[in-house]
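Working through the structure, step by step
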Amino acid sequence: MTYRTTRQWTLSLAGGVALIGALAAASPELHAAPHPGAAPALPLHHFWDDLQLEAMPGSAWERLRDSLAWHERRQDPRVQQWIEHYRANPGNVVEIIERARPWIAWITEQVERRGLPGEVALIPFVESSYDPHARSHRGAAGLWQFMPGTADALGLRRQQGYDGRLDVVASTQAALDYIELQAEQWYDGDIELSLAAYNAGAGTVNRARHAAAARSAPSDYWGLQLPGETMQYLPKLNAIAAIIDDPESYGVALPKIDDAPAFATVPVETHFHLSQLADVTGVAPEELAALNPGLTNGSASPAAVEVVLVPVEHEETVLAELSAPTPASTDDSQHLVQRGDSLSAIATRHGITIAELRRHNGLRGDVIHAGQVLNIPRRSLASR
């Protein structure tokens, strides 16, 4: 089945082809797909259970079901094999879906806005078991399992203290852009072929299509001879979609998740540590950390990110705190290290702890050198 998107591309045709060429060269095999059955067990209780959102039973799942489009694929033998696999391991399915709790409604909304099949929202189930911190032995990372070269080509920045592959909002937009772009440029809008290329690389899929054409065989995804992992990629996706579509038939109890996203975005206009934000707003530190996995050292600055994610019910409190005027202060936002300086002396001078100074600058020890510029945490945020 072919799906054409109506989104207006800002990339030119030549630019799009060049981007995909760069992606194919950078990452002929985009990611490793962890076996859902091997996902580590989750705790029976965690902080998302304490949010106590006013959820309508099944509302998030109903919205997802309404956008599922590949129902006829479920009769394929490969899909049936994976349905039986998941059916035999319902606990693993629920664990992964529980991990998706903060993300599934928002990702479904993004997929829906683009007019893509709802099954696309389940790709992180196959790619990473919906774990934003997932890393493969090949170097792929995040919900969407981007390799470094592919992430670079898509504009997902990686720098000290930040990895765009782990940033759920940024990586989701990049993944959906990539899927749509490949479908339009290479496959005449065919999303299934684009997903195969997402897993194996466009070069691999294109060679398989040429080989199929040479033997007068079907050149859609289901008729191609592809690497083993890619042959199972869409069957896995369709199998989990079938279970979500009718969980009772497969002995799976889906958790109740509200249709509305569980988080809000707030702009970052100054440097701060998530622990500081937690202190002054009352948001649990582990909630902020879980919502912002891309902030690998736990701090946010305008140079790294434009927004941070916060639980939606705390949006107004956080916005008020971050937008409050900064009291007059003699503290500098940066400190130029002079000969003879030590972390202890600098921390004392600015009224902060050595641990804060290390954390905000990604330091593992006490070694600093003359001419080095250190970021000094803003005490106004932490002291209010």
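Please read all numbers here as calculations on a predicted model, not as lab measurements.

Each value, and the rule that gives it
Residues numbered from 1 in each chain as written. Predicted model: local features only at pLDDT ≥ 70, side-chain atom pairs only at ≥ 80, totals over all residues. Heavy atoms only, no water. Helix = DSSP H or I, 4+ residues; strand = E, 2+ residues; numbered from the N terminus. Buried < 20%, exposed > 50% of the residue type's maximum accessible area, 1.4 Å probe, protein only. Contact = heavy atoms within 4.5 Å. Areas by Shrake-Rupley, 256 points an atom, 1.4 Å probe, with all protein chains shown as cover. 1 Å grid on protein atoms, 1.4 Å probe; cavity = no way out; pocket = protein on both sides within 12 Å on 5 of 7 lines; lining within 4 Å. Points joined across faces, edges and corners; volume = space filled by probe spheres on them. Phe/Tyr/Trp six-rings, centres within 6.5 Å; stacked < 30°, edge-to-face > 60°. Salt bridge = Lys/Arg side-chain N within 4 Å of Asp/Glu carboxyl O. Polar contact = N/O pair within 3.5 Å; in protein donor to acceptor, adjacent residues only side chain to side chain. Expected span 1.5 Å × (residues − 1). Axes fitted to C-alpha atoms, helices over the stretch in contact; angles between N-to-C directions. pLDDT = per-residue confidence, 0-100.

The next thing to look at is the overall build of the protein. Helix and strand counts for the protein come out as 18 helices and eight strands. Taken across its 384 residues, the protein has 53% of its residues classed as buried. The long-range fraction of contacts in the protein, counting pairs at least 24 apart against all pairs at least 6 apart in sequence, stands at 72%. Total accessible area on the protein stands at roughly 16800 Å², and carbon and sulfur atoms take up 52% of it.

Quantified by volume, the largest pocket comes out at close to 410 Å³. The wall of the largest pocket is formed by 20 residues, among which Tyr 162, Asp 167, Ala 170, Glu 306 and Val 307 lie closest to the centre. If you list the elements that add at least two residues to the lining of the largest pocket, you get α8 (168-186) and β6 (307-311). Top element by residues in the lining of the largest pocket is α8. It accounts for four residues.

A word on the packing of aromatic side chains. Here the structure, examined in full by the defined rule, presents seven aromatic pairs. A ring pair is formed by Tyr 86 and Phe 125, whose centres lie 5.8 Å apart and whose planes are at 90°; its orientation type is edge-to-face. Taken together, the residues span a long stretch of sequence, with Tyr 86 in helix α3 (residues 77-87) and Phe 125 in helix α6 (residues 123-128) at a distance of 39 residues. Look at Tyr 86 and you get buried, because its relative accessible area is 2%. Exposure remark for Phe 125: the relative accessible area of 1% places this residue in the buried category.

Quick look at the pattern of salt bridges now. In total, this model carries 17 salt bridges according to the counting rule given. Asp 259 is the partner of Arg 63 in a salt bridge, and the nearest nitrogen-oxygen pair spans 3.3 Å. Of this pair, Arg 63 sits in helix α2 (residues 59-67) while Asp 259 sits in the loop between α12 (233-245) and β3 (263-267), and the two are 196 residues apart along the sequence. The shortest N-O distance in the salt bridge between Arg 135 and Asp 163 comes to 3.8 Å. With Arg 135 in the loop between α6 and α7 (148-153) and Asp 163 in strand β2 (residues 162-163), this pair connects stretches of sequence that are 28 residues apart. Several salt bridges share partner residues, and in doing so they unite Arg 63, Glu 109, Glu 112, Arg 113 and Asp 259 into one network.

Moving on, we come to the side chain of Arg 78. Mapped onto the elements of the fold, Arg 78 is located in helix α3. The class for Arg 78 is buried, based on a relative accessible area of 15%. Within the structure, the side chain of Arg 78 is placed 3.4 Å from the backbone oxygen of Trp 222, a separation counted as a polar contact. One polar contact links the side chain of Arg 78 to the main-chain carbonyl oxygen of Met 231, over a distance of 2.8 Å.

As a further point, take the side chain of Arg 65. Here Arg 65 lies in helix α2. Side-chain polar atoms of Arg 65 contact the backbone oxygen of Ile 244, separated by 2.8 Å.

A word on α12. If you check α12, its first and last C-alpha atoms are 19 Å apart, about what 13 residues at 1.5 Å a residue would give, namely 18 Å. The element α12 is extensively covered by neighbouring structure, given that 12 of its 13 residues are classed as buried. Here α12 has its buried residues at Tyr 233, Leu 234, Pro 235, Lys 236, Leu 237, Asn 238, Ala 239, Ile 240, Ala 241, Ala 242, Ile 243 and Ile 244.

A word on the packing of helix α9 (residues 191-200) against α12. The contact between α9 and α12 brings their axes to 9 Å, and the two run at 115°. Here Glu 192, Leu 195, Ala 196, Tyr 198 and Asn 199 of α9 come into contact with α12, specifically with Tyr 233, Leu 234 and Leu 237.

As a further point, take helix α13 (residues 274-281). With six of its eight residues buried, α13 lies for the most part within the structure. Those residues of α13 that sit buried are Leu 274, Gln 276, Leu 277, Ala 278, Val 280 and Thr 281. A positive phi of about 85° marks Gly 282, the residue just after α13.

Counting all residues, the mean pLDDT for the protein is 83, and 80% of those residues have values of 70 or more. Counted against residues more than four places away or in other chains, residues 1-18, with its pLDDT under 50, gives 37 contacts. For residues 25-29, every residue scores under 50 in pLDDT, and the model assigns this stretch 10 contacts once sequence neighbours within four places are set aside.

Turning next to the environment of Arg 339. Relative to the helices and strands, Arg 339 is located in the loop between β7 (334-336) and α16 (343-350). For the pair Arg 339 and Ile 368, spaced 29 residues apart in the sequence, the C-alpha separation amounts to 9.7 Å.

This part covers unusual backbone geometry. A positive phi is found at Ser 129, a non-glycine position, where the angle reads about 55°. The topology assignment puts Ser 129 in the loop between α6 and α7. One non-glycine residue, Gln 145, adopts positive backbone phi at about 55°. Of note, Gln 145 is situated in the loop between α6 and α7. For Gln 145, a relative accessible area of 0% puts it in the buried group.

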